[in-house]
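# Structural description and commentary
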Amino acid sequence: GASNCAAAEVTVFDALRGASAPLANASVTIGTRTATTDAQGVASFAGLPQGIFSISAVSANYSTASQTAILQCTAPSRVTMALSPAVATQGGLASGQFRMILTWGENPRDIDSHLTGPTADGTSRWHVYYSAKQAGDMCALDVDDTTSFGPETVTCPPTGNTATSLRPGVYRYSVHHYSGTSNIGASGANVRLEFSNGQTYSFTPPAATYAGTSDVWTVFEVVVMQNGTVSVSPVNSVMSGISSGSVARSVPAAVGTGFGQMEQPALFKNLVK
């Protein structure tokens with residue numbers, strides 16, 4: 001009918017290689033409709049109703065993923081999804097690892113992943129982002145994207161590291177609007193948090209006041225206890241007007257208190273690409 005006026009292009013990438021590795025022959029489903037990606041990793045849909053839909057992607061040798069997207073009749077929706085390899089020896093998650101995958105739309109052009117975590121002595125925090133892509137054997141940025149859509153992927157412990165255990169403490173993940181028009185809230189951003197046991201969490205930006213460039217969306221904290229127990233604490237808060245640069249903040253020495261915190265604005269000062 002006349003209400004089926006929305007169209008969508010869903011591009012599927014390898015989460016560890018980003019835009020250089022589109023996945024052909026992946027199966028993408030929106031509602032009751034399914035399409036297969038072409039050589040560029042794109043599955044095209046037309047004649048869809050507008051509204052909020054769950055989109056899922058399946059590809060051989062990759063873990064299935066899903067996320068939500070808003071389809072509108074005013075213009076075709078361009079959605080990016082990134083899948084993790086299913087086997088640990090090929091970059092998939094091994095026991096004890098977790099992974100964060102950020103995707104977004106055309107605008108802003110560049111939004112960045114920032115992860116902070118506990119140092120060995122507990123007196124400060126390391127910071128993984130585009131200029132410091134690895135924090136020893138704790139976590140690493142697998143792929144950085146600066147030209148819209150993503151993905152940006154961070155893995156803890158780093159991809160391929162099966163010898164290191166997660167250090168107890170708070171691992172805090174944030175997204176920073178580095179450059180480009182629009183804002184995080186209107187970007188179509190999606191953050192997927194994956195664990196090796198198959199548990200996944202999906203986050204989208206909250207309703208908030210966005211200033212544009214320099215917004216920081218603190219998404220969640222992964223809390224690792226002394227006994228190895230892992231939990232997820234959503235934060236989902238936005239700070240505006242933060243100059244590009246500093247995300248870390250100290251946390252109480254006693255694990256179990258003071259969680260659900262925004263990052264320190266100082267971490268986002270004077271970052272340059």
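Now for a quick tour of the structure. In this text, all values refer to a predicted model and were calculated from it rather than measured experimentally.

### Remarks on the overall build of the protein chain
Assigned secondary structure in the protein chain consists of 0 helices and 19 strands. A compact globule built from 273 residues should have a C-alpha radius of gyration of about 19 Å, and the protein chain, at 18 Å, falls within 12% of that. A burial count over the protein chain gives 51% of its 273 residues as buried. A fraction of 63% describes how many contacts in the protein chain between residues 6 or more apart in sequence connect residues 24 or more apart. For the protein chain, the distance from the average position of its 13 positive side-chain charges to the average position of its 16 negative side-chain charges is 3 Å.

### Points about the layout of surface pockets
Here the largest pocket is characterised by a volume of approximately 710 Å³. Residue lining of the largest pocket: 29 residues in total, with Ile70, Arg78, Ala186, Ser187 and Gly188 positioned closest to the centre. The set of elements that each furnish at least two residues to the lining of the largest pocket consists of β7 (65–71) and β8 (77–83).

### Some remarks on the sheet that holds strand β16 (residues 190–195)
Read from one edge to the other, the open sheet built from 6 strands follows the order β12-β13-β14-β9-β16-β17, with strand pairing classed as antiparallel. A single partner strand is all that each edge strand has here, and the edge strands are β12 (134–135) and β17 (200–203). Note: strand β13 (residues 139–143) against strand β14 (residues 152–156), 3 bridges, orientation antiparallel. Across the sheet, residue Ala140 finds its bridge partner in β14, namely Thr155.

### Observations regarding the state of the cysteines
Applying the stated criterion across every chain, the model contains 2 disulfides. Across a sulfur-sulfur distance of 1.6 Å, Cys5 and Cys73 are joined as a disulfide pair. Where Cys5 bonds to Cys73 through sulfur, the torsion about that S-S bond is close to 70°, and the disulfide is right-handed. One end of the pair, Cys5, is in the segment before β1 (6–14); the other, Cys73, is in the loop between β7 and β8, with 68 residues separating them in the sequence. Here Cys139 is linked by a disulfide to Cys156, with a sulfur-sulfur distance of 2.0 Å. Residues Cys139 and Cys156 are joined through a disulfide that is right-handed, its torsion about the S-S bond being 115°. Residue Cys139 is found in strand β13, and its partner Cys156 is found in strand β14; the two are separated by 17 residues along the sequence. Pair check on accessibility: Cys139 and Cys156 agree, each one buried.

### Thoughts on the pattern of salt bridges
Applying the stated criterion across every chain, the model contains 3 salt bridges. Of the charged contacts in the structure, one is a salt bridge between Glu221 and Arg172, with a shortest N-O distance of 2.8 Å. Remark: Arg172 occurs in strand β15 (residues 169–179) and Glu221 occurs in strand β18 (residues 216–224); sequence separation between them is 49 residues. Accessibility expressed as a relative area gives 0% for Glu221, which makes it buried. Under the relative-accessibility criterion, Arg172 is labelled buried at 0%. The shortest N-O distance in the salt bridge between Glu194 and Arg192 comes to 2.8 Å. Just as Glu194 is buried, Arg192 falls in that class too.

### Overview of the packing of aromatic side chains
Following the criterion strictly, the structure yields 8 aromatic pairs and no others. On the numbers, 5.1 Å between centres and 75° between planes, the contact of Tyr129 with Tyr130 is edge-to-face. The buried category is assigned to Tyr129, whose relative accessible area is 14%. Aromatic ring contacts, followed pair by pair, group Phe98, Trp126, Tyr171, Phe195 and Tyr201 into a single cluster.

### Structural notes on the pairing of β18
A large share of β18 lies buried, amounting to 9 of its 9 residues. Note: β15 against β18, 8 bridges, orientation antiparallel. Within the sheet, the bridge partner assigned to Tyr171 lies in β18 and is Val222. Of the strand pairs in this sheet, β18 and strand β19 (residues 230–239) are connected by 8 bridges, and their pairing is antiparallel. Each residue of the ladder has a partner; that of Glu221, found in β19, is Ser233. From the end of β18 to the start of β19, which pair antiparallel, there are 5 residues, and Gly228 there has a positive phi angle of about 90°.

What counts as what
- Residues numbered from 1 in each chain as written.
- Predicted model: local features only at pLDDT ≥ 70, side-chain atom pairs only at ≥ 80, totals over all residues.
- Heavy atoms only, no water.
- Helix = DSSP H or I, 4+ residues; strand = E, 2+ residues; numbered from the N terminus.
- Rg over C-alpha atoms; globule rule 2.2 N^0.38 Å.
- Buried < 20%, exposed > 50% of the residue type's maximum accessible area, 1.4 Å probe, protein only.
- Contact = heavy atoms within 4.5 Å.
- Lys, Arg positive; Asp, Glu negative; His and termini not counted.
- Charge placed at Lys NZ, Arg CZ, Asp CG, Glu CD.
- 1 Å grid on protein atoms, 1.4 Å probe; cavity = no way out; pocket = protein on both sides within 12 Å on 5 of 7 lines; lining within 4 Å.
- Points joined across faces, edges and corners; volume = space filled by probe spheres on them.
- Pairing = 2+ DSSP bridges.
- Disulfide = S-S within 2.5 Å.
- Salt bridge = Lys/Arg side-chain N within 4 Å of Asp/Glu carboxyl O.
- Phe/Tyr/Trp six-rings, centres within 6.5 Å; stacked < 30°, edge-to-face > 60°.

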